[in-house]
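Spelled out from the first residue to the last, the chains are:
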Amino acid sequence: MATTTAPWATEKPTALLVLADGTVIEGRGLGATGSAVAEVCFNTALTGYEEILTDPSYAGQIVTFTFPHIGNVGTNDEDIEDLHPAARAGAVGAIFKANVTDPSNYRAAGHLDQWLKRRGIVALSGIDTRALTVLIREKGMPNAVIAHAPDGVFDIEDLKRRAAAWSGLIGLDLAKEVTSGQSSVWRETPWIWNEGYGEQDAPSLHVVAIDYGVKRNILRLLAGLGAKVTVVPAQTGAEEILAMQPDGIFLSNGPGDPEATGEYAVPVIQSLLKTDIPVFGICLGHQMLALALGGKTEKMHQGHHGANHPVKDHTTGKVEIVSMNHGFAVDADSLPEGVEETHVSLFDGSNCGIALTGRPVFSVQHHPEASPGPQDSHYLFRRFVNLIRERRGEEALAERA
Ligand SMILES: NC(=O)CC[C@H](N)C(=O)O
């Protein structure tokens, strides 16, 4: 029988979180044994831990869940978000407050502990996640090593050295680590209650999605709106993409520093922008579109990771509650003339969307595909498909279903 009480009175710690400043936090180990060095962030979503941990944008990160009870709905094979699960792109570590209980849910196929082991995610439970969250809010996202040893034996000085020596996410191109090795066609459509995922039959338009670490639900939503989606590796050249005769080009989310990834992605995006093909970017794709247009990105203090962030769409005046996962942001003041700021975070005023004036090119910082999170922003996929339909002389879909 799993326990949910803090075990320290009677147990030896079997996991440690060692921060780059030498702070050592003791917990109970679960998931993979061994250690991982990464940046620690916190995510405030109440549900969707499997989708969060398999979001490739979390590569190079350890996720602290502020929601105290994680794991009680178990795991299944449907709620994964990375395109190539064998490659295990996503978070390298996870931190929970309560110790993980046995699963209780009709969709559960397994226990979170076993699932974390299979995914190679090192995890720790039984700590004061509020205190860690306050620390991140005050000091910013720390670099750290998370270590799990079932016998409780650790070389703490070595862990401290490794945490302090890690370069951090600034300057790291992680998209090349998580992108597809080859092109593929995506046909799965969104999940429907009691039916599961669907299969596309007759796509009417073609979208090429550049995979910097794409989430599956983005591809499902595009497929559900009638797009045949060809997913191409991050380093695919513009000529090769244009030879596929896309009706639209999608720039995906992904991990790491947009400036580092931009080294090869920006020239490709700049070439694609010379055509009149509609372009839509999400998160890392948004940041790289901004870089391609001459803007700048910067590292954030604590980042935005959750499923309850209010964002205002200036083009309609409406507020949407969105899913977010980013530690870098576009500096709105750096945007050149001809690039409008379309969306803004109502938490801190940071940039959440841009569009090229008079052109079918736009992107957002948040995650309109949710998974997990609210579906308020699904309309952005329809906005993209409508730009494609307009260029093809077809009637627009209603922006909200
Ligand atoms: N979800 C994403 O695409 C994240 C983009 C980028 N890696 C960031 O942290 O800001």
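Computed from a predicted model, the values in this text were never measured in an experiment.

**Brief notes about the nonpolar core**
Ranked by size, the top nonpolar core spans 41 residues in total, and within it Leu17, Leu53, Phe65, Ile95, Phe96 and Leu116 carry the most contacts. When residues of this core are assigned to their parent elements, the largest contribution, 5 residues, is made by strand β3 (residues 34-43). Not counting residues up to four positions away in its chain, the partners in contact with isoleucine 95 are Leu17, Val40, Ile62, Val63, Thr64, Phe65, Leu124, Ile127, Thr129, Leu132 and Ile146. Of all hydrophobic cores here, the second largest spans 32 residues; its members include Val208, Ala238, Ile277 and Val339.

**Concerning the domain arrangement of the protein chain**
Its domain assignment divides the protein chain into domain 1 (15-165) and domain 2 (175-391). In this assembly, 33 residues from domain 1 lie in contact with 33 residues from domain 2. Together domain 1 and domain 2 conceal approximately 2400 Å² of surface at their shared face, both sides included; 51% is due to carbon and sulfur atoms. Along the contact surface separating domain 1 from domain 2 lie 2 salt bridges. Two residues, glutamate 81 and arginine 220, come together in a salt bridge whose shortest N-O distance is 3.7 Å. Here domain 1 is connected to domain 2 by 17 residue pairs in polar contact (both at pLDDT 80 or more). For the side of domain 1 that touches domain 2, the secondary-structure elements that each account for two or more residues are β3, α1 (49-53) and α3 (129-139).

**Re the pairing of strand β7 (residues 143-148)**
Counting buried residues along β7, 6 of its 6 residues qualify, which places the element largely inside the surrounding structure. Side-chain alternation along β7 places Asn143, Val145 and Ala147 on one buried face and Ala144, Ile146 and His148 on a second face that is also buried. The pairing of strand β1 (residues 15-19) with β7 spans 5 bridges and is antiparallel. Bridge pairing in β7 places leucine 16 opposite alanine 147. Note: β3 against β7, 6 bridges, orientation antiparallel. Paired with glutamate 39 across the two strands is asparagine 143, which belongs to β7.

**Notes on the pattern of salt bridges**
For the coordinates displayed, the defined rule picks out 17 salt bridges. In this structure, glutamate 188 and arginine 220 form a salt bridge, with 2.8 Å as the shortest nitrogen-oxygen distance. Of this pair, glutamate 188 sits in strand β9 (residues 188-192) while arginine 220 sits in helix α6 (residues 216-224); the two residues are 32 residues apart in sequence, bridging distant segments of the chain. What you see here is one network of salt bridges that share partners, running through Glu78, Asp79 and Arg107.

**Brief notes about the state of the cysteines**
A complete count under the given rule lists 0 disulfides for this structure. Summary of cysteine pairing: cysteine 352 is not part of a disulfide, and the nearest cysteine sulfur, belonging to cysteine 283, is at 9.4 Å. Residue cysteine 352 is classed as buried on the basis of its relative accessible area of 0%.

**Some thoughts on the site of the ligand**
Close contacts around the ligand come from 13 residues, with Gly254, Gly256, Cys283, Asn325 and Phe328 the closest. A distance of 2.9 Å separates an oxygen atom of the ligand from a polar atom in the backbone of leucine 284. Between asparagine 325 and the ligand, the recorded distance is 2.8 Å, taken from a backbone N or O atom to a nitrogen atom. Contact with the protein chains covers 98% of the free accessible surface of the ligand, which is 300 Å². Counting residues per element, the ones that place at least two in the shell around the ligand are α9 (284-292) and β16 (318-331). Sorting elements by how many residues they give to the shell around the ligand places β16 first, with 4 residues. Residues of the shell around the ligand, tallied by class, amount to 4 nonpolar, 9 polar and no charged.

Scoring rules and cut-offs
Just so you know, the residues in each chain are numbered from 1, in the order the chain's sequence is written. Whole-chain, interface and lining totals are the exception, using all residues; otherwise, since this is a predicted model, local features are given only for residues with pLDDT of at least 70 and side-chain atom pairs are given and counted only at 80 or more. The side-chain numbers reported here are obtained from all heavy atoms of the structure, hydrogens and water having been left aside. Only buried residues count toward a nonpolar core, which is a set of Ala, Val, Leu, Ile, Met, Phe, Trp, Tyr and Cys residues joined through side-chain atoms within 4.5 Å. Burial status follows relative accessibility: with a 1.4 Å probe on protein chains alone, a residue under 20% of its type maximum counts as buried, one over 50% as exposed, and anything between as partly exposed. Numbering of helices and strands starts at the N terminus; helices are DSSP runs of H or I of at least 4 residues and strands are runs of E of at least 2. When checking whether two residues touch, look at their non-hydrogen atoms; a contact exists if any pair is within 4.5 Å. Domain start and stop points were drawn from an automatic or database domain assignment. What counts as buried area is the accessible surface, traced by a 1.4 Å probe, that two parts surrender upon association, with contributions from both included. Salt bridge, as applied in this entry: a Lys or Arg side-chain nitrogen positioned within 4 Å of an Asp or Glu carboxyl oxygen. Polar contacts here mean pairs of N or O atoms no more than 3.5 Å apart (in protein, one a potential hydrogen donor and the other a potential acceptor; neighbouring residues in sequence count only if both atoms are side-chain atoms). In this scheme, strands are said to pair when DSSP sees at least two bridges between them. Any two cysteine sulfur atoms within 2.5 Å of one another count as a disulfide. Summary of the distance rule: residues count as near a molecule or strand when at least one heavy atom falls within 4 Å of that molecule or strand. Only the protein chains shown count as covering a residue, and every accessible area follows the Shrake-Rupley method with a 1.4 Å probe. Amino acid classes used here: Ala, Val, Leu, Ile, Met, Phe, Trp, Tyr, Cys and Pro are nonpolar; Asp, Glu, Lys and Arg are charged; the rest, including Gly, are polar.

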